[in-house]
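Breakdown of the fold
Next come the chains, spelled out residue by residue.
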Amino acid sequence: MTRRPRFRNRAATRWLRCLIGDRRAATAVEYGLILALVVLAVMASLIGVADVTTNLWGDISTKVQNAR
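All values derive from a computational prediction rather than experimental measurement. (Residues numbered from 1 in each chain as written. Predicted model: local features only at pLDDT ≥ 70, side-chain atom pairs only at ≥ 80, totals over all residues. Heavy atoms only, no water.)

Moving on: the overall build of the protein. Of regular secondary structure, the protein possesses 2 helices and 0 strands. Burial analysis of the protein (68 residues in total) assigns 0% to the buried set. Working note: accessible area of the protein is about 6900 Å², and carbon and sulfur atoms make up 64% of it. (Helix = DSSP H or I, 4+ residues; strand = E, 2+ residues; numbered from the N terminus. Buried < 20%, exposed > 50% of the residue type's maximum accessible area, 1.4 Å probe, protein only. Areas by Shrake-Rupley, 256 points an atom, 1.4 Å probe, with all protein chains shown as cover.)

Once that is clear, we can look at a nonpolar patch on the surface. On the surface, a cluster of nonpolar side chains totalling about 500 Å² of accessible area is made up of Tyr-31, Ile-34, Val-38, Val-42 and Leu-46. Among the structural elements, Val-38 can be located in helix α2 (residues 23–67). With relative accessibility at 45%, the residue Val-38 sits in the partly exposed group. (Patch = residues over 30% accessible without salt bridge, like charges linked within 9 Å, V, L, I, M, F, W, Y side chains within 5 Å. Salt bridge = Lys/Arg side-chain N within 4 Å of Asp/Glu carboxyl O.)

Honestly, it's all geometry; don't read function into it.
See the structure below:
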């Protein structure tokens, strides 16, 4: 029965501890949350603009058909 080398576990543990203690990871998460909020705001505004634009083209189509 062969044993697996333990150096991989130690290296992974060391890497995980460095990642948890690193403040840059927290900053990256904060930027990610800000980006998500910006994307949601842009999507909401595009939906509003799409509704207005669809209604505008519908009104134009109705007026053109009534003018014939």
